[in-house]
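Listed below, chain by chain, are the residues.
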Amino acid sequence: VNIGTAFHPLSYTLSCKALPETIELIQDFEMPTVCTSIRVSRDGQFILAAGTYKPRVRCYDTYQLSLKFERCLESDVVTFDILSEDYSKLVFLHIDRYVEFHSQHGHYYKTRIPKFGRDFSYHYPSCDLYFVGASSEVFRLNLEQGRFLNSLQTDAGRVDCWDPRVRSRVAVLDCALSSITDGTEVEGLPSVSALKFNGSLGMAVGTSTGQVLVYDLRSSRPLLVKDHYYGLPIKSLHFHDQLDLVLSADSKIIKMWNKDNGKVFSSIEPQANINDVCLYPGSGMLFTANEDPKMNTFYIPALGPAPRWCSFLDNLTEELEENPESTIYDDYKFVTRKDLENLGLTHLIGSPLLRAYMHGFFMDIRLYHKVKTMANPFAYEEYRKDRIRQKIEESRTQRVQLKKLPKVNKELAMKLMEESELPTRKKKKKGNVDNLLSDDRFKVMFENPDYQVDERSEEFRLLNPIVSKVGEKRRQKLSQLVQQEEQDEEEEEVEGRGSSEEEESSDDDDKSWVEEVREQRRLIRAEERENRQQEPQRHSQPRFYQIKAGEEFRSFGDVARKQKMQKTSLEERLQREESSGRLNLNDTAVGSKQLTFTLKKVSMNYPELSCFVIFTGCLLVTAAGQMIMSMQL
């Protein structure tokens, strides 16, 4: 029977004709937005729930089936506990590290713990509150003395067992390795997310990957490992002593199974995600805190009778008794056709071993794990290597972090990284290069080899005159990073290196700039001469030259002399022409000079030319030095 929401019972089915769809057992049993934690007092009379928004705690009286009081809080509640038989002594752990105590009349005292807390527990014989959180220490607050005691030092990632009488660690349980068995599916590194004791020697541990481990503290190995097969963290654990059951819950489902053999008893899957589960003592009723304003109430007659304040529920369920039918597919694994192809089990389609359902099939979980182990026998070894690799990476985080360089244009990427690390003032001068490496528009420049910068080209050498000095230092640094990445891939320990040499000052770079330019030009010219000498002579085909307007033509071997004349000044060129007798300089009345020249007709016998051009003209040089040429063809 479901009280408040839809529920599939174990031994009884709900008939909408005989009973209403929902029963409002407790009036206004809800929160404004979300309920995070829910508890029942030890006397069974009061139900307390913490939620938001705004942060508050509500107390419901089961004798009156209504709300007794409501108190608003200053911050959200991580978890809380009831220290007394009723609601008169409450402890709240807040998200801002505060621990708040409430008495019967309301707020009583508030203190703060050193680190952000995740959970706490109260030890009644010694009156100690144990807080755990974002630290490897367990903080102890003694309520009798009213002060903090020496904390307990633990190792993260494992379950440490301490004896409060001697304040020493007596045992350590490695739940991460123990949660990996043939019948479990572990994705990622397991961590502990829930704990619950059963007497003095029994204990259940829930992991973040969805496994529940049942321990006898006299042994370091679990008696049973139960997997939820959802990969979600276990949020709540409870023991049902009358039927030897374990109630485990993640954010999606509540499962009930036998603690000795793991056989499924029943399961509940609410519509909203689950935050907390509370089992009413000595009955078959349980409450859930959800990501929803409504707090659910479930009653399962097979777990126990109804509480005395709602005994009328037994009379409603007696008429609905039927033979129990199990319709739960907890021992089956849902697989698609693609999964069957990967496992090589497509020949089982149509056989009793596969039950068709929607877009796939149900198969026995034992058969699935057996076939998967045969298909991938080294799964455990791969997981072990991954865990060792994670441990190595965690130890390396305390060392110097290395830069990851792209495969293409590594020197350019290193240059951009160095410029991004400059102070803010220098960054403004050089421009915004912070996000150039992460910009998708330039991503192909560091991935496609076609965009590799050719440092041997003439353009690059002339535009980067001092790249040789800085580039050499950057290449040395790049080679060190490449060697370091290769060592990381081989999982070898990174050895320390000495500090690099200091860079030369900017003044020295400016002084050597001219020399570097000259040296680059000299090298380029030498390469051009060498290429011309090595170029084969091509006399088989005629050559054609274009004579431009105003250009003097003499012979085809006059190219070097013409280039030499272009590099001389105007005065030197005029003096040479005057000495050769081809120029006539006359002063004019306005202080300028008139220049008259005549080209001689020369007989040319070149098969490559089809015509000759003979022209006369006048060259005028003004006082400002500007040349004006008039030509007559």
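All figures in this text were calculated on a predicted structure; none of them were measured in a lab. (Residues numbered from 1 in each chain as written. Predicted model: local features only at pLDDT ≥ 70, side-chain atom pairs only at ≥ 80, totals over all residues. Heavy atoms only, no water.)

Considerations on the overall build of the protein chain
Tallying secondary structure elements over the protein chain gives 12 helices and 33 strands in all. Scored against the burial criterion, the 633 residues of the protein chain give a buried share of 35%. The long-range fraction of contacts in the protein chain, counting pairs at least 24 apart against all pairs at least 6 apart in sequence, stands at 44%. (Helix = DSSP H or I, 4+ residues; strand = E, 2+ residues; numbered from the N terminus. Buried < 20%, exposed > 50% of the residue type's maximum accessible area, 1.4 Å probe, protein only. Contact = heavy atoms within 4.5 Å.)

Some details on the environment of L141
Here L141 is to be found in strand β12 (residues 137–142). Look at L141 and you get buried, because its relative accessible area is 7%. A sequence separation of 14 residues divides L141 from C127, and the C-alpha atoms of the two residues are 8.4 Å apart. Aside from chain neighbours lying at most four places away, what touches L141 is F101, T111, C127, D128, L129, F131, R147 and F148.

Comments concerning the packing of aromatic side chains
Going through the model one piece at a time under the given rule, you end up with 12 aromatic pairs. Ring geometry for F29 and Y60: centres 5.0 Å apart, planes at 70°, overall edge-to-face. In this pair, F29 is assigned in the loop between β1 (2–3) and β2 (34–40) and Y60 in strand β4 (residues 56–61), connecting sequence segments 31 residues apart. A connected cluster of aromatic rings, assembled from ring pairs, spans F29, Y60, Y280, F287 and W309. The ring of F80 has R39 lying over it, and the distance from NZ or CZ to the ring centre is 5.4 Å. Here the basic side chain of K110 rests over the ring of Y98, its NZ or CZ set 4.7 Å away from the ring centre. (Phe/Tyr/Trp six-rings, centres within 6.5 Å; stacked < 30°, edge-to-face > 60°. Lys NZ or Arg CZ within 6 Å of the ring centre and 35° of its normal.)

Thoughts on the nonpolar core
By size, the foremost hydrophobic cluster in this structure holds 22 residues, and its most contacted members are F29, I38, I47, M285, F287 and W309. Secondary-structure elements contributing two or more residues to this core are β2, β3 (46–52) and β25 (285–290). Among all residues touching F29, those that are not within four sequence positions of it are I38, I47, Y60, F287, K294, M295 and T297. (Core = buried A, V, L, I, M, F, W, Y, C linked by side-chain atoms within 4.5 Å.)

Focus on the sheet that holds strand β28 (residues 354–357)
Strand order in the open sheet formed by three strands is β27-β29-β28, and the pairing between neighbours is antiparallel. In the strand order of this sheet, the two ends are held by β27 (332–336) and β28, each with one partner. Averaged over all adjacent pairs, the angle separating strand axes in this sheet is 35°, with direction ignored. With respect to the sheet, helix α4 (residues 365–375) is in contact with β27 and β29 (360–364), its orientation differing from that of β29 by roughly 90°. (Pairing = 2+ DSSP bridges. Axes fitted to C-alpha atoms, helices over the stretch in contact; angles between N-to-C directions.)

Some words on the state of the cysteines
With the rule as written, the count across this model stands at zero disulfides. For the unlinked cysteine C175, the closest cysteine sulfur is that of C161, found at 8.8 Å. Exposure remark for C175: the relative accessible area of 2% places this residue in the buried category. (Disulfide = S-S within 2.5 Å.)

Considering unusual backbone geometry
Trans peptide bonds make up most of the peptide bonds, and negative phi angles are found at most residues other than glycine. T52 connects to Y53 through a cis peptide bond whose omega is 0°. In this model, Y53 is joined to K54 through a cis peptide bond whose omega is 10°. For K54, the position within the fold is in the loop between β3 and β4. Phi is positive for L65, which is not a glycine, with a value near 55°. Structurally, L65 can be placed in the loop between β4 and β5 (66–72). For L65, a relative accessible area of 26% puts it in the partly exposed group. The phi dihedral of M358 is positive, around 55°, even though this residue is not glycine.

The quantities given are spatial measurements derived from coordinates; they are silent on function.
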